[in-house]
Structures are given as structure tokens and as C-alpha cells.
Amino acid sequence: MHDKVLILDFGSQVTQLIARRVREAQVYCEIHPNDVSDDFIRAFAPKAIILSGSHASTYEDHELRAPQAVWDLGVPVLGICYGMQTMAVQLGGKVEWSDHREFGYAEVRAHGHTKLLDGIQDFSTPDGHGMLKVWMSHGDKVTALPPGFQLMASTPSCPIAGMANEEKGYYAFQFHPEVTHTVQGAAVFNRFVREIAGCKGDWIMGDYIAEAVTKIREQVGDEEVILGLSGGVDSSVAAALIHRAIGDQLTCVFVDHGLLRLNEGDMVMEMFAGKLQAKVIRVDASELFLGQLAGVTDPERKRKIIGGLFVDVFKAEAEKLKANGQGNKGATFLAQGTIYPDVVESGGTKTKKATTIKSHHNVGGLPEQLGLKLLEPLRELFKDEVRELGVALGLPPEMVYRHPFPGPGLGVRILGEVKQSYADLLRRADAIFIEELRNTRDEATGKSWYELTSQAFAVFLPVKSVGVMGDGRTYDYVVALRAVQTSDFMTADWAELPYSLLKRCSGRIINEVRGINRVTYDVSSKPPATIEWE
Ligand code: XMP
């Protein structure tokens, strides 16, 4: 049984970062809405509780409070931003509204030699005060400490930037220790969950395999499982893990929609059918997909068609399996590579309002339609944990540390109508770009540009421009190269790739891919652009 930390979410954009910090300290944690019941909290039996920030800036606008059980349980509590404000008010202090919003970098002075900050600092002032470099984002602030609390941190504009009641193990910060801009954030979380709350550091992916395998075996028993293998990280790791647990009781269905990257299908087959010796059915459905996409230019319609067809093809395969008895009685479980961020987002607290910019959930509703039970062995894991698990399971790091690839594949990277000939050109241009990124190292960090970017790809623009090659005039298509850096894919900066790298890419693409005579580089950040072009 793992020690558990409960994170109550008041609707901050960065609550997931809190969970990631706790997990980095090798402690298991879960995020739940701030309004869960007292009974829920008691049953969860956390060793510590963390109260998140909130998306709104004004404390007074909210009626969001921490449930009473938080204060009755007798476990350490860490309040962050809004979490600090509600802690202050609920325990008898005061919060005041302020029209002066503080946002961004701040230097915070530590006070009172609390256990939480003892020995943790970025620098000290000439008169010996420990200082932290942090990220602040707030309007309101605590103006009176609750009884029993002492000052833990301050800035000139926020005199109570941190407070503590060490007897109870209650700590709070007005700033955000969970974001990477707060340099000592990881140290602070580590101190809180491991030392103050006394959690064991037993959340380690290499060790987790045995636990996950046992759980899968218990859940599946002697039944059969099917899984839609896409070649992406999540479905690959799920497949490898389930295969480790139940071997041939798993059948993977790999639908090749014809919109994959160069040689991707063969690589997936080599790994799973070849190396892992798993049962994999490869369905070449490219004609079907391209046929249905003919003449369709609207991005959302393209997504819907691809998502819908994927479900149809997958369903047909599942039924076939059942009919020809390959899976004995046929599968009763559908495995999916759902990961924790998907669970938290779709769970949704009352405070969260998400707007749909693009419909990303490509295969929703599949289990119900197929009448299958769900098996989601990665549901508790963050992406970095899924990757670690993949490596521990023996998947090649190039597969596990791959950039994300959208479900509709090249379908949303060919602007407007999707055609086989466009896809063929794009695949080759894209492969050259990725190869160059992998082979070019940044001198300062020693890392490849593939590692230094979060997502990189080529986009096919169905417009022709004039060029000259040898003695002749060309009139060919354009590709745009896109490379971004981001930590969460919600916002992203275009990557400042070296000119020499871009030059090599454009030279090679234009020379090697007949049909493309112009290469551009996309210098738009998100927002206002999105990462994909459609
Ligand atoms: P955007 O373009 O919205 O992309 O900035 C953010 C991230 O989501 C990926 N993406 C998709 N993934 N189905 C997917 O599975 C989709 O329809 C889809 N559209 C965008 C995109 O590649 C990026 O990582």
C-alpha cells in the first residue's frame, strides 16, 4: 500500500504540476475537486493534503473552501496561492482584496527558520537572510495570520507570502512552488511530502511493473483483451505492460489509416509482433480512409471522419476476432492507453471551464459501442511516468521519448483536402526534418535538437510556387517546418532552431523530395496560433 497525498483542486491551471512535483518526490498522489465530501477524504486516508491555487484571482468571488475533514484529519496541509488564502480564512486569519495584481518573478525572503524551508534557498542577502526565487501570481493576499501561525516568507509587496503552523504541520505560500520558475520548488515539495508528512518514497516505475502486472492479472483473469495500437507512446506502453501481464490473452489491432509517418507501420510491427512476440493484427485501411476524405477540406470534418472510421474499422476487427474464435471466446476487455491527465481533465471540477478549440478525443465511446469492459493500466500515470515505465519494460527510448503525434495523423498536417500524393511528399519531407533534428546537437547542452524540442513536424501546403532547378523552372508545392518548445502543449514557443540546421533541412527536402520546391519555417507561438496547423 502506497502512502498517498491528496491534492484538492480549486481550479488552477497548474494543479497538475503540483501532482507532478509530488510524484517526482516518489510519492503517490491524486487530484480531486475541492468540494469532495468529508467521507471521501477520510476514506482516501491521505498522509498529507495540498490545496491548489485557483484560476480566478479574487478570493471574495469564490465560495470555494476546503472541506472540514482537511482540518480534522490531523495530517500536514500545504496551501498554495488560493489554497493559502482559504487556509487563512478557514482557520481565523484574514484575506484582503487588492487591485494590485502581482504576476511573475519575485524574490521572497524566508522567515522564522521553518522546517519546510530550513536550508532551502537560492541566495542570501548581505545581512544573511535566505532568499528564494519564485513565481507569484495573485491579487488578493493574506493580511492577518490565523491564530497559532507564524510568518514563513515575505516580499515587500506581499508581507505575508508564506505562513506556517508547525505544530499542526500546516504550511502555505502565496507564490507557486509547483512551477519550474520557482527554482527550489522540487526541494520544497520533497521536504513537505517526504520529511514533514513522512511519506515513503515508494512510487518508482521500475518497481511499479510488478504491482501493475498483478493488478492486470486480477482484473482480466482468464479473459481476452483487445487494444488499439497506434504507435504512440501511451498505447505502446499499455500494450507492452499488458503483454507482460497476460501474454497471448492480449490481441493488438493496429489500424494503418495511411496517414502515418514514414515507415511507422513497419516499425510498430517489428517492435510488437517481432521483438515482443505479441499478437498484432495490422489492418491496412488507407484506401478506405483516403476514399472517405476525398473532397473534404474542413479540419473538424476531417477529424470526425478519421475518428469515426477508426472506430468502424476497429469494431469490425473486434467482431471478426470474435467470429473466427481467434481470441477463444472473443475479447471481453478493451484496453486503452488513457493516462492521468486525461482522467483529471475529463473528471472536471465545477470550477473548470474548458473551451473546445479542436476535438482531440478521437475514439470516445468505443467501449460502450463494443460492449466491452475497459482496461486502462496507465490511468494513474503522468506522461513522464509512462515513458519511464516504457523504458523499464524494454521499449526502445526512441519510441518512448517520441514527440506526440495527433490521432488523425498527417490528415491534419495536409491543409485542406487529403490526397495520397500529398501524404507521400509530406512523409518524406517530415522524415528528413526529423532525421536532421535527431542528428544535430546543440553545443551548449550536448542534446539533439529533437530532444530540445517538444514537437516538430512538416506541414504540407497545397499551394504551388515557382522555383528554378538546374536550367529549368519548377512549379511545385510548399512545406512548412514547425518545431515548438512547451511543457504542457497548452502554450508553446516556436523553437529557435539554428539557421544552419534549417538550411540543411531545406536543402535536403528540396533536393530529395521531387514535387516540393519551397520550404518555410513557422515562427508562430501558441497562442495565438495552435501547434498543428489545422
Ligand atoms: P494544438 O494544435 O491544439 O495541439 O495546439 C496541441 C497538441 O495536441 C495534438 N493534437 C491532437 N491530438 N488528435 C490528437 O490525438 C487531434 O485531433 C489533435 N489535434 C492536435 C497536437 O499534435 C499537439 O501535441
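As annotated in an unreviewed UniProt entry, the protein carries the name GMP synthase [glutamine-hydrolyzing] and is attributed to Roseateles aquatilis. Heading Function (unreviewed entry) of the UniProt record for the protein holds this comment: "Catalyzes the synthesis of GMP from XMP."

Trainee: Looking at this model, I keep getting lost on the packing of aromatic side chains. Mind explaining?
Mentor: For the coordinates displayed, the defined rule picks out 15 aromatic pairs. The ring of Phe-44 has Lys-4 sitting right over it, with the charged end atom 4.3 Å from the ring centre. Stacked on the ring of Tyr-340, the Lys or Arg Arg-23 has its end atom at 5.4 Å from the ring centre.

Trainee: Even after reading the chapter, I still don't get the pattern of salt bridges, so can you show me in this structure?
Mentor: For side chains of opposite charge, pairing can occur when their charged atoms come near one another. Scanning all chains against the criterion turns up 26 salt bridges. In this structure, Asp-384 and Arg-20 form a salt bridge, with 3.9 Å as the shortest nitrogen-oxygen distance. Of the two residues, Asp-384 is situated in helix 13 (residues 383–392) and Arg-20 in helix 1 (residues 15–24); the sequence distance between them amounts to 364 residues. A residue is classified by how much of its surface remains accessible, and Arg-20, at 26% relative accessible area, is partly exposed. Across the pair Glu-436 and Arg-508 runs a salt bridge whose closest N-O atoms are separated by 2.9 Å.

Trainee: What's the story with the sheet that holds strand 3 (residues 48–51) in this structure? I'm lost.
Mentor: Backbone hydrogen bonds hold the strands of a sheet together, and the pairing may be parallel or antiparallel. Taking strand neighbours across the sheet as the criterion, the 10 strands line up as 2-1-3-4-12-11-10-6-8-7 in an open arrangement whose pairing is mixed. The sheet terminates laterally at strand 2 (28–33) and strand 7 (123–124), the two strands that pair on one side only. Two strands pair when backbone bridges link them, and strand 1 (residues 4–9) and strand 2 are joined in this way by 6 bridges, in the parallel orientation. For Leu-8, the partnering residue across the bridge sits in strand 2 and is His-32. Helix-sheet contacts for helix 1 involve strand 1, strand 2, strand 3 and strand 4 (77–80), and the interaxial angle to strand 2 is about 160 degrees.

Trainee: It is not clear to me how the packing of helix 7 (residues 233–246) against helix 13 should be interpreted in this structure. Could you clarify?
Mentor: For any two helices packed against each other, the geometry is given by the interaxial angle and the distance between the axes. Two elements in contact, helix 7 and helix 13, have axes separated by 9 Å at closest approach and are oriented at 45 degrees. Relative to helix 13, helix 7 is oriented oblique. Handedness of the helix 7/helix 13 crossing: left-handed. Residues Val-233, Asp-234, Val-237, Leu-241 and Arg-244 of helix 7 form the contact with helix 13, whose participating residues are Lys-383, Val-386, Arg-387, Leu-389, Gly-390 and Ala-392. Here the residues of the contact of helix 7 with helix 13 sort into 6 nonpolar, 1 polar and 4 charged.

Trainee: Sorry if this is basic, but what is going on with helix 8 (residues 264–275) here?
Mentor: At 3.6 residues per turn, the α-helix brings residues three or four places apart onto the same side. For helix 8, which comprises 12 residues, the first-to-last C-alpha distance of 16 Å matches the rise-based estimate of 16 Å (1.5 Å per residue) to within 8%. Those residues of helix 8 that sit buried are Glu-264, Gly-265, Val-268, Met-269, Met-271 and Phe-272. Contact partners of the buried residues in helix 8: helix 7, strand 14 (250–256), strand 15 (279–284) and helix 14 (397–400). In the segment just after helix 8, Gln-277 is the residue with positive phi, at about 60 degrees.

Trainee: Could you clarify how one ought to interpret the domain arrangement of the protein in this entry?
Mentor: How big an interface is tends to be stated in terms of accessible area lost as the parts join. Structurally, the protein comprises domain 1 (4–195), domain 2 (205–395) and domain 3 (420–521). Distance between the C-alpha centres of domain 1 and domain 3: 44 Å.

Trainee: Could you clarify how one ought to interpret the environment of Ile-204 in this entry?
Mentor: Position of Ile-204 among the secondary structure elements: in the loop between helix 5 (185–196) and helix 6 (205–220). For Ile-204, a relative accessible area of 31% gives the class partly exposed. For the pair Ile-204 and Glu-385, spaced 181 residues apart in sequence, the C-alpha separation works out to 8.7 Å.

Trainee: Would you mind going over the packing of helix 6 against helix 13 with me for this structure?
Mentor: Packing of helix 6 against helix 13 brings their axes to within 9 Å, and their N-to-C directions diverge by 80 degrees. Judged on the interaxial angle alone, helix 13 and helix 6 are roughly perpendicular. From helix 6, Met-205, Gly-206, Tyr-208 and Ile-209 reach across to helix 13, where they touch Glu-385, Glu-388, Leu-389 and Ala-392. Among the residues making up the contact of helix 6 with helix 13, the classes are represented as 5 nonpolar, 1 polar and 2 charged.

Trainee: What is the right way to read the pairing of strand 10 (residues 150–155) from this model?
Mentor: Remark: a regular strand shows side chains that alternate across the two faces of the sheet. With 2 bridges connecting them, strand 6 (residues 102–110) and strand 10 associate as antiparallel partners. Across the sheet, Ala-110 pairs through a bridge with Ala-153, a residue of strand 10. Bridging between strand 10 and strand 11 (residues 158–165) involves 4 bridges; their strand directions are antiparallel. In the strand pairing of strand 11, Thr-155 is matched with Cys-158. A loop of 2 residues connects strand 10 with strand 11, the two strands running antiparallel in sequence.

Cut-offs used in this document
- Residues numbered from 1 in each chain as written.
- Predicted model: local features only at pLDDT ≥ 70, side-chain atom pairs only at ≥ 80, totals over all residues.
- Heavy atoms only, no water.
- UniProt positions renumbered as here; feature names shortened; annotations may be inferred.
- Phe/Tyr/Trp six-rings, centres within 6.5 Å; stacked < 30°, edge-to-face > 60°.
- Lys NZ or Arg CZ within 6 Å of the ring centre and 35° of its normal.
- Salt bridge = Lys/Arg side-chain N within 4 Å of Asp/Glu carboxyl O.
- Helix = DSSP H or I, 4+ residues; strand = E, 2+ residues; numbered from the N terminus.
- Buried < 20%, exposed > 50% of the residue type's maximum accessible area, 1.4 Å probe, protein only.
- Pairing = 2+ DSSP bridges.
- Contact = heavy atoms within 4.5 Å.
- Axes fitted to C-alpha atoms, helices over the stretch in contact; angles between N-to-C directions.
- Parallel < 35°, antiparallel > 145°, perpendicular 65-115°, else oblique.
- Left-handed = near helix turned anticlockwise from the far one by under 90°.
- Nonpolar A, V, L, I, M, F, W, Y, C, P; charged D, E, K, R; others polar.
- Expected span 1.5 Å × (residues − 1).
- Domains from an automatic or database assignment.

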